[in-house]
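Below, each chain spelled out in residue letters.
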Amino acid sequence: MEDRGFHLSASICRNGAEASVSEGARAENRDLPGPYPMRKKGGLWMRGLLIGVLLIGMVVSAAAEEVLIVHDPTLPPARQVVDAFKEALETAFSHRGPRRLVPVSFRELECDEAGRRADLRAGVLGVDLVFAVGTRALEAVRSLPDSEVPIVYVLVHRPPAWRRGRAHVTGVGMQVPPEKWIKMIREALPDVRRLGVFFDPSNTGRFVEGAKEAAARQGLGLTALEIRSPREVPARLAELPPDVGGLWMIPDPTVVTRETVESLLLYSLRHQVPVVTFSEGYLALGATVAVTLDFPSIGRQAASMAWRIFNGEPRGNVLPEPPKGVLLRVNPRVARKLGVRLGVAPSGVGR
Amino acid sequence: MDAKRRCVFLLSRHFALQTYLYLAATILFATVLLSGTLIHFQQRMLRRQMQDKGTTVVSFLAESLRLGLFSENAKEIRSALLPALKDDDVEWVAVFDPSWRLLQYGRSLPGSPAEGKGQVPAPSPEVRAIVTQPGGIAHHEGAENIIFWKAVRAELSAPTVEGLYFFAGPLGRPASGTVLGYVGVEVSKRALEAGFRAIVVRSVGTGAVFLVLGWCVTFLVVRGASRPLRRLLNEMRRRGIWTEPPVSRGLLADPFYELVRALDRAFVTIDELRVGLEERIRARTAELTEANQRLRDEVRERTRVQDELKQARDELEERVKARTQELETAYKQLAHSEKLNALGTLTASVAHELNNPLTGIRGVLESLEYRGDLPPRETRLVKLAIQECDRIDRLIQNLRDFYRPTTDRTEDLDVNELVESVVLLCTKDLIVRGIEVKTSFAEDLPKVRGVGDQLKQVVLNLIANARDAMPSGGTLRVTTGAGGGWVRIHVEDTGGGIAEKDLEHIFRPFFSTKTAGEGTGLGLSISRGIVKRHGGDIEVVSRVGEGTRCTVSLPVSAPAQDAKPDGASGTVRGTADSG
């Protein structure tokens, strides 16, 4: 029942030829509260008591929860993530009831300029939570003086190993779980029985191990070739067994360079095998399938974690999570040229 | 004579030859200059094209070698070199590793490209420094070739892992990545030299053709130009302007100096002639101006005389017309007077015939009265009958007086008596027409001197006009008065009056507002003439719808005056007041 809460949706991409499938786009909303039920009847004394409580709440707690958003402007989806985060958090606070007249406020800072460091140090004073978007933003808030402010991060490939006092340092990573990868690849390429994948053990060794297990569970063969340098990729392509029906390009900086991508795409073209990648940009270069991140969903997922922190959950309960919103996009023209059958219709109708 | 002609011939030929040589040399110089410039620029353009080609080839090789150097795959490197080696201008291609160790070398040979490691000149430190910079391309030109160098670069890692996800454009930054190796290309200058030779040949050929054509055209032009020169010299010699043979100091200087001198003399002569001609023209112009002025004066005088003649003719016509009109009026007056004269004679005879029985009747009545035996009532009747007879007698006497031909004899007249006699004549007719007659005569009215019957006619005309102006009845007021040496007779009616537009024409003969057959239009005209002859005046004042008032003013008579009235001294005024 791991798939409970996931659903398939499709949309037509910008060029009109690509198809996409979204899975689990709103799973993160399960943690956000809904509106309180209204009581139809009540005594007069109950109404008076309620009004009194409201007035007391207004006087006692009129201050807002304040969130400092530090984002990396060089990341294209940062704006989508921030907007989704703010919208989801405001919605959650609006359902919280009369405890707060001003539920939440936001301050935004960019981390790309050295001059912002001082702003950042001044801005963190008095905030209740820091929302860091990107690795650079997370590194920028690492050295903040107030170590008790919880931090929620997104668009960070490798979650940090450091801790800051007793505060939360948690967030949403970028690595899609191997199980979900394998599942979506099988949906997109149902005829592929074996995949070839290059990886650097120092970067993605654990991920590939998990992928091997997931593939074995789902009946998909996986040939994983270790490399230590990008230069090995073109040469080691020849070592792939002949039954490999597709190449899996994982987000490993040793594997993905300009030349290795060209080598992989050339191999794909010469051997008529599809390339499965992790970013939509490679589809235009010749990749066939891309399992990409749903960035607004990641923003909402981070908002859910922030909401839990504001509600006082202990640090051990709010742990870093993998992204729940994942999109499946395909390039039907490349698939047609390679003679590959797609498991999802280019029109976007899910299987 | 023949010697002189030959001299002219030789002289013109000499001039033509020298001119032709000058022009031919100029054309030759221009051709050489243009051809050299053309060759120079085309050579520069060829060299630039060759450099561009070498740059393009080495850049292409750097891009195509990138994957082979990245994977250190000799086969990939070799296959990347093949397209460049097929170019005829490419001598060899060499690939180096980042430490400038030779990896591959290919030479372009007739047939198929050769492979192996040949003799590749080591790049200089300057070349290495240039190609180490991002995007740098170095070239070294030798005597027979140009060698181009460029680095092969690749991005070996992404700046951040997240950057792998957000890739949206062409992969990596090849101009600034890690150096994978170097590529060198030697491009032969054979094509450049061949192109240069072709340019030289074409330019020289074109220049030669241009030169020959230019010389031919120059020859034709000079020959054509020397013909009129020869004719000019012959003509000069024939006219004696120049007769000397050519001397050594100038080709055509002497004849042309002679020609200039002859032209100077000719211009002097022309100036003299021009001056004399101008004097004659000036004199003739003055004469013509004077004659023109005379003609203008004559024309002006003739025009003036014509205008005067025309004016005189118009005046004459006007006078003839007026005189004709006067004559017609006089004729009509004469005819009317004749008719009145005849009527007067008839009336006098009738009155005379009536007077006899009336005298008898009166005698009888007087006899009856003198008998005294009649009752008083009958006696009164007889007296009444006698009074009526007296009245008839006065009436007849008035008729006879009125219609008696005028005697033109002036006398002192009692205007009241004169007016009363006329009113008496008209009273019966006026009463029958429903017109009430009111008379008012001034007492002690001075006498006027005039012709009585004529003045009666005037008063009768005025009363008749007043009568005709009141067809439905009215009041006729006849009054007399005096003052200021004048005796005035006023005839005033209560008729319809006279329109303003007609008032100024009422004294004009034959002007009448009455219907045709009722009036002659001569009454007022004749009356005005009579009054004017008496030195008097007639004034008419009329108001439309209220009536008309006519006033006859006559001068009071002088004691010794016994002459005919002279109308020349009188004035007649006709005024109207329609308001």
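For clarity, every value in this text was computed on a predicted model and none was experimentally measured. (Residues numbered from 1 in each chain as written. Chains lettered and ligands numbered in written order. Predicted model: local features only at pLDDT ≥ 70, side-chain atom pairs only at ≥ 80, totals over all residues. Heavy atoms only, no water.)

> Quick question: what am I supposed to make of the side chain of histidine 157 of chain A here?
Note that histidine 157 of chain A resides in the loop between β6 (151-156) and β7 (169-173). Its relative accessible area of 4% is what places histidine 157 of chain A among the buried residues. A polar contact is formed between the side chain of histidine 157 of chain A and the side chain of glutamine 175 of chain A, at a distance of 3.4 Å. Among all residues touching histidine 157 of chain A, those that are not within four sequence positions of it are Thr135, Met174, Gln175 and Pro251 of chain A together with Val161, Glu162 and Tyr165 of chain B. (Helix = DSSP H or I, 4+ residues; strand = E, 2+ residues; numbered from the N terminus. Buried < 20%, exposed > 50% of the residue type's maximum accessible area, 1.4 Å probe, protein only. Polar contact = N/O pair within 3.5 Å; in protein donor to acceptor, adjacent residues only side chain to side chain. Contact = heavy atoms within 4.5 Å.)

> Can you help me understand the nonpolar core in this one?
Here is a general trend for soluble globular proteins: nonpolar side chains tend to be buried in one another's company. By size, the foremost hydrophobic cluster in this structure holds 90 residues, and its most contacted members are Val67, Phe85, Leu89, Phe131 and Trp248 of chain A. Here this core gets nine residues from one element, more than from any other, and that element is helix α10 (residues 295-310) of chain A. Three or more residues apiece are contributed to this core by two domains, here domain 1 (26-34 + 57-174 + 294-324) and domain 2 (178-292 + 328-338) of chain A. The contact partners of phenylalanine 85 of chain A, leaving out residues within four places of it in the chain, are Val67, Ile69, Phe106, Leu129, Phe131, Gly299, Ala302, Ala303 and Ala306 of chain A. Judged by nonpolar contacts, the second largest core, of 36 residues, contains Cys426, Val458, Val459 and Val478 of chain B. (Core = buried A, V, L, I, M, F, W, Y, C linked by side-chain atoms within 4.5 Å. Domains from an automatic or database assignment.)

> Just to check I follow, could you spell out the pattern of salt bridges for this structure?
Close approach of charged atoms lets side chains of opposite charge pair. By the definition in use, this model includes 52 salt bridges over all chains. The closest approach of N and O atoms between glutamate 187 of chain A and lysine 183 of chain A, which form a salt bridge, is 2.6 Å. Taken together, the residues span about one helical turn, with glutamate 187 of chain A and lysine 183 of chain A both in helix α5 (residues 178-188) at a distance of four residues. According to the relative accessible area criterion, glutamate 187 of chain A is buried, its value standing at 12%. In this structure, the salt-bridge partner of glutamate 279 of chain B is arginine 282 of chain B, at a minimum N-O distance of 2.7 Å. On the criterion of helical spacing, the pair formed by glutamate 279 of chain B and arginine 282 of chain B is a turn pair, its members being three residues apart in helix α7 (residues 253-371). For glutamate 279 of chain B, a relative accessible area of 46% puts it in the partly exposed group. (Salt bridge = Lys/Arg side-chain N within 4 Å of Asp/Glu carboxyl O.)

> For this particular structure, what's the right way to read the packing of helix α2 (residues 78-94) of chain A against α10 of chain A?
The description of two helices packed together rests on the angle between their axes and the distance between the axes. Residue and element names in this part refer to chain A. Contact geometry of α2 with α10 gives a least axis separation of 7 Å together with a crossing angle of 40 degrees. One finds that α2 runs oblique with respect to α10. Pair α2 / α10 crosses with right-handed handedness. Across the interface between the two elements, Gln80, Val81, Ala84, Phe85, Ala88, Leu89, Ala92 and Phe93 of α2 pack against Phe295, Pro296, Gly299, Arg300, Ala302, Ala303, Ala306, Trp307 and Phe310 of α10. Within the contact of α2 with α10, the residues separate by chemical class into 14 nonpolar, two polar and one charged. (Axes fitted to C-alpha atoms, helices over the stretch in contact; angles between N-to-C directions. Parallel < 35°, antiparallel > 145°, perpendicular 65-115°, else oblique. Left-handed = near helix turned anticlockwise from the far one by under 90°. Nonpolar A, V, L, I, M, F, W, Y, C, P; charged D, E, K, R; others polar.)

> Even after reading the chapter, I still don't get the side chain of threonine 223 of chain A, so can you show me in this structure?
Residues and elements named next belong to chain A. Tracing the backbone through its elements, the reader meets threonine 223 in strand β9 (residues 221-226). The exposure class assigned to threonine 223 is buried, which follows from its relative accessible area of 13%. A distance of 3.0 Å separates a polar atom in the side chain of threonine 223 from a polar atom in the side chain of arginine 194.

> Is there a simple way to explain the sheet that holds strand β11 (residues 486-492) of chain B in this structure?
The strands making up a sheet are joined through hydrogen bonds of the backbone, oriented either antiparallel or parallel. Residues and elements named next belong to chain B. Taken together, five strands build an open sheet; the order of strands is β8-β10-β11-β13-β12 and the sheet is mixed. Each end of this open sheet is capped by a strand with a single partner; those strands are β8 (435-440) and β12 (537-543). In this sheet, adjacent strand axes meet at a mean angle of 15 degrees when their direction is disregarded. Taken together, the seven bridges between β11 and strand β13 (residues 547-555) define a ladder with antiparallel strand orientation. (Pairing = 2+ DSSP bridges.)

> Where do I start with the pairing of strand β12 (residues 289-293) of chain A in this structure?
Across a regular strand the side chains alternate sides, sitting on one face of the sheet and then on the other. Residue and element names in this part refer to chain A. Among the five residues that make up β12, five are buried, leaving the element largely enclosed by the rest of the structure. Of the two faces of β12, the one holding Val289, Val291 and Leu293 and the one holding Ala290 and Thr292 are both buried throughout. Across two bridges, the pairing between strand β11 (residues 275-277) and β12 is parallel. Counted as the bridge partner of valine 276 is valine 289 from β12.

> Looking at this structure, how should I read a positive patch on the surface?
A cluster of like positive charges, contributed by Arg13, Arg223, Arg227 and Arg231 of chain B, occupies part of the molecular surface. The element that contributes the greatest number of residues to the positive patch is helix α6 (residues 190-239) of chain B, accounting for three residues. (Patch = residues over 30% accessible without salt bridge, like charges linked within 9 Å, V, L, I, M, F, W, Y side chains within 5 Å. Areas by Shrake-Rupley, 256 points an atom, 1.4 Å probe, with all protein chains shown as cover. Lys, Arg positive; Asp, Glu negative; His and termini not counted. Charge placed at Lys NZ, Arg CZ, Asp CG, Glu CD.)

> Got a minute to help me understand the sheet that holds β7 of chain A in this structure?
Residues and elements named next belong to chain A. Sheet architecture is open: five strands sit in the order β4-β3-β5-β6-β7, paired in parallel fashion. The two strands at the open ends of the sheet, each matched to only one other strand, are β4 (104-110) and β7. Averaged over all adjacent pairs, the angle separating strand axes in this sheet is 20 degrees, with direction ignored. As paired elements, strand β5 (residues 129-133) and β6 share four bridges and run parallel to each other. Across the sheet, valine 133 pairs through a bridge with valine 154, a residue of β6.

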